[in-house]
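Structural description and commentary
Chain by chain, the residues:
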Number of protein chains: 2
Amino acid sequence: MITISDIEASAKRAQGVVRRTPLLSSPFLDEIAGREVYLKAEVLQHTGSFKFRGGWSALTALTDDQRARGVIAYSSGNHAQGVARAAQILGVPATILMPDNAPALKIANTRAMGAEVVLYDRAGGEDRGAIGAALSEERGLTLVKPYDDPNVMAGQGTCGLEIAEQAAEAGMTEGTVLTCCGGGGLTSGIATALEAKAPGLTVRPVEPEGFDDAARSLVAGEILSNEGPEVGLCDAVLTPAPGALTFPLMQRLCGPGIVVTDAQVKAAMRLAAIRLKLVVEPGGAVALAAALFHGDALAPGPVTATLSGGNVDPALFAQILAEPAAG
Amino acid sequence: MITISDIEASAKRAQGVVRRTPLLSSPFLDEIAGREVYLKAEVLQHTGSFKFRGGWSALTALTDDQRARGVIAYSSGNHAQGVARAAQILGVPATILMPDNAPALKIANTRAMGAEVVLYDRAGGEDRGAIGAALSEERGLTLVKPYDDPNVMAGQGTCGLEIAEQAAEAGMTEGTVLTCCGGGGLTSGIATALEAKAPGLTVRPVEPEGFDDAARSLVAGEILSNEGPEVGLCDAVLTPAPGALTFPLMQRLCGPGIVVTDAQVKAAMRLAAIRLKLVVEPGGAVALAAALFHGDALAPGPVTATLSGGNVDPALFAQILAEPAAG
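Note that the coordinates shown come from a computational prediction; the quantities given were computed from them, not determined experimentally. (Residues numbered from 1 in each chain as written. Chains lettered and ligands numbered in written order. Predicted model: local features only at pLDDT ≥ 70, side-chain atom pairs only at ≥ 80, totals over all residues. Heavy atoms only, no water.)

Description of the overall build of chain A
Regarding its fold elements, chain A presents 14 helices and 10 strands. The C-alpha radius of gyration of chain A comes to 18 Å, within 12% of the 20 Å expected for a compact globule of 327 residues. Judged by the C-alpha coordinates and their principal axes, chain A covers about 55 × 40 × 40 Å. Residue burial in chain A is summarised as follows: out of 327 residues, 62% are buried. Pairs at least 24 residues apart make up 74% of the contacts formed inside chain A by residues separated by at least 6 positions. Of the side-chain charges in chain A, 25 are positive and 35 negative, and the distance between the mean point of each set is 6 Å. (Helix = DSSP H or I, 4+ residues; strand = E, 2+ residues; numbered from the N terminus. Rg over C-alpha atoms; globule rule 2.2 N^0.38 Å. Buried < 20%, exposed > 50% of the residue type's maximum accessible area, 1.4 Å probe, protein only. Contact = heavy atoms within 4.5 Å. Lys, Arg positive; Asp, Glu negative; His and termini not counted. Charge placed at Lys NZ, Arg CZ, Asp CG, Glu CD.)

So this is what it looks like as structure tokens:
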């Protein structure tokens, strides 16, 4: 569990390194949604996703001895890059465990940032947790988990501090904040920041159809998992279940989850490109899809959506962009 | 001619409306260029290009009587949108004269912003100046020229004020600033701002091959024109010649022009999408192309390039993104 103090301490360590990403808008998107829509452009964060916040937060919290031995992380790609880049800047050796079906761009970027990449068979069901634990014991590495880690959660929470400030600048005291939700690191971090700094803003996690573990868990009041392998369009948010640390915060602070279709995600990606000039990956567009196409499920008032990441393979992005516009 | 006072007055009128766009970077781009590269992300400005700065600047300088009668502008698209959106916000009637071969997205956007769009035959050589003058006389409209207008130039200069501030924040006191150059409004505005606020930064205008009127004019010491019709990949910067007001400033303040190929522009667009998560239109990518592929022509030290606009038709963007990477 984390508190606002953890997030504020993380924000202090982030000063001068982590980017304060802009809160953008477009009258064209407002018209589609029938309300004011603001976008937190985390695609502009270092490494192209909010995950750099958590990586930097975790690595700057290590002891000198831990830094010298190095870190290990497992990730479908964005956490990998966030940790790898933070490690590169800080001179910490990084080993990254990635699924062999992760987008090629994410694997290549992680390697280019100086990390050693170890691939595992995600579709075949290899247990990345076990592989990671074995590697970290063997090499004396500190494991940086993708979401269920207090320092990582505090780092993602710095995005929430910025949303609170930017909402105040925009005169927004009430409204909904939609987050792209995988394991709940960003969602719980933002919710914790907003509880303290902008209590009139309610966080609602958004997930793709078929991977709605957070939405179902919130309804059930206990952690439920997705069935089947973690393969789908929205690779960044296909985690099997909310985390043991993130879920209690989500349960206490968030409204009900929202589920979007792949077609809505693609339409949101097209609109982000045309109206905001931003490249957003599928998993990073689920919150915008909810803002644009699920207004009925939202309380009245303005909505802020995270654009969590932009690391989409160019060929896939081009293909989605060229499809006939559905929204 | 304008001075720093005009730009500072324009910046005051812009407060709370015009966006302070971020200065971005990527280690991947630094590696290609072999130096530090910073990008001024004007694609994130309202209407997707820096032209909103000039439009807002010009319209807020009008008398109440002029506002009530309305404005007219002629533009291949970005100035059209900048003026149309400023007019929409201020409640000023706007008539926009656009070439019939302008990108469909730019024409549609301008109409959606409430402006009356009048199309003319650019490829066939119809004189937009004459058409605009006739319309403005007939309706009592104030003509807002795309670059050769002191208030427009001062508005574009606010981009230079921000570059000066952001360069100082990044510890940059010397270096090169590459601008996407059409008629020279942005180039002369930025150069005037930097002369006063960051004199160690030298502006170099960048143009596409075949439309290098500014580069040739700077060499000749007099205004020279491009031959033939204004048709090409980089539609935003295909103006026939530097302006009577912009050229003397460019002559006094800018280094030599740089010319880039269409292939380099496309490579820059792909890299902006992959490394910066930004959608940049061809004309808005010429300065980045120079930063990445014309390092030999630049003085040592960091380079800042404007990403001037992002209003590219999605189908063309998808096609360029899907082409085999050349750089």
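Describing the side chain of Ser10 of chain A
Residue and element names in this part refer to chain A. Secondary-structure assignment places Ser10 in helix α1 (residues 4-14). At 2.8 Å, the side chain of Ser10 and the side chain of Ser57 are in polar contact. Dropping the residues within four chain positions of it, Ser10 is found in contact with Ser57, Ala154, Gly155 and Thr158. (Polar contact = N/O pair within 3.5 Å; in protein donor to acceptor, adjacent residues only side chain to side chain.)

What to know about the relation of the copies chain A and chain B
Mapping chain A onto chain B is achieved by rotating through 180 degrees and translating by 0.0 Å along the same axis, at an RMSD of 0.0 Å. In short, the pair behaves as if placed about a two-fold rotation axis. Both copies contact each other with a shared surface, as 100% of the interface residues of chain A are interface residues in chain B too. (Least-squares fit on C-alpha atoms with pLDDT ≥ 70 in both.)

Some words on the pairing of strand β10 (residues 303-307) of chain B
All names here are of chain B. Taking burial as the measure, the 5 residues of β10 include 5 buried ones, the bulk of the element. On β10, burial covers both faces: Val303, Ala305 and Leu307 on one face and Thr304 and Thr306 on the other are all buried. In this structure, strand β2 (residues 37-41) lies alongside β10, joined through 5 bridges in parallel fashion. Within β10, the residue paired with Lys40 across the bridge is Thr306. Relative to β10, strand β7 (residues 175-180) is paired through 3 bridges, and the arrangement is parallel. Paired with Leu178 across the strands is Ala305, a residue of β10. (Pairing = 2+ DSSP bridges.)

Description of the nonpolar core
Grouped together as the largest cluster of nonpolar side chains are 90 residues, with contacts concentrated most on Leu178, Leu278 and Phe317 of chain A together with Leu178, Leu278 and Phe317 of chain B. If we skip the residues at most four places from it in the chain, Leu278 of chain B touches Leu44, Lys277, Leu278 and Val279 of chain A together with Leu24, Ala41, Val43, Leu44, Ala272, Ala273 and Leu307 of chain B. With 31 residues, the next largest nonpolar core counts Phe50, Leu194, Ala214 and Met250 of chain B among its residues. (Core = buried A, V, L, I, M, F, W, Y, C linked by side-chain atoms within 4.5 Å.)

As for the sheet that holds β10 of chain B
Residue and element names in this part refer to chain B. Taking strand neighbours across the sheet as the criterion, the 6 strands line up as β1-β2-β10-β7-β8-β9 in an open arrangement whose pairing is mixed. Two strands lie at the open edges of the sheet, namely β1 (23-24) and β9 (258-260), each paired on one side alone. Pairing geometry for β1 and β2, over 2 bridges, is antiparallel. Residue pairing for β2: Leu23 is matched across the bridge by Lys40. Where helix α12 (residues 262-276) meets the sheet, it contacts β1, β2, β9 and β10, and its direction lies at approximately 85 degrees from that of β9. (Axes fitted to C-alpha atoms, helices over the stretch in contact; angles between N-to-C directions.)

A look at the side chain of Ser136 of chain B
Within the secondary structure, Ser136 of chain B is located in helix α7 (residues 128-139). For Ser136 of chain B, the side chain forms a polar contact with the main-chain oxygen of Ala133 of chain B, separated by 3.0 Å.

Side note on the domain arrangement of chain A
Residues and elements named next belong to chain A. Each assigned domain of chain A is listed here: domain 1 (4-49 + 150-322) and domain 2 (52-143). The C-alpha centroid of domain 2 is placed 23 Å from the C-alpha centroid of domain 1. Each partner contributes to the interface: domain 1 provides 31 residues, whereas domain 2 provides 23 residues. Each partner contributes to the roughly 2200 Å² buried at the junction of domain 1 and domain 2, and carbon and sulfur atoms together form 53% of this total. (Domains from an automatic or database assignment. Buried area = accessible area lost by both parts, 1.4 Å probe.)

Quick notes on the interface of chain A and chain B
Each partner contributes to the interface: chain A provides 28 residues, whereas chain B provides 28 residues. In this assembly, chain A and chain B are joined by 0 salt bridges. Contributing elements (two or more residues each) for the side of chain A that touches chain B: α2 (27-33), α6 (104-112), α12 (262-276) and α14 (314-322) of chain A. Take the side of chain A that touches chain B: its biggest share by element is 5 residues, from α14 of chain A. (Salt bridge = Lys/Arg side-chain N within 4 Å of Asp/Glu carboxyl O.)

Some remarks on α12 of chain A
Given 3.6 residues per turn, any residue in an α-helix points the same way as the ones three and four places further on. All names here are of chain A. An ideal rise of 1.5 Å per residue puts 21 Å on 15 residues; α12 measures up with 20 Å between its terminal C-alpha atoms. Buried residues of α12: Gln264, Val265, Ala267, Ala268, Met269, Arg270, Leu271, Ala272, Ala273, Ile274 and Leu276, and no others. Looking at the residues trailing α12, positive phi occurs at Lys277, about 65 degrees. (Expected span 1.5 Å × (residues − 1).)

A short note on the state of the cysteines
One pass over the structure, following the stated rule, counts 0 disulfides over all chains. Among the cysteines around Cys181 of chain A, which has no disulfide bond, Cys254 of chain A carries the closest sulfur, lying 7.6 Å off. (Disulfide = S-S within 2.5 Å.)

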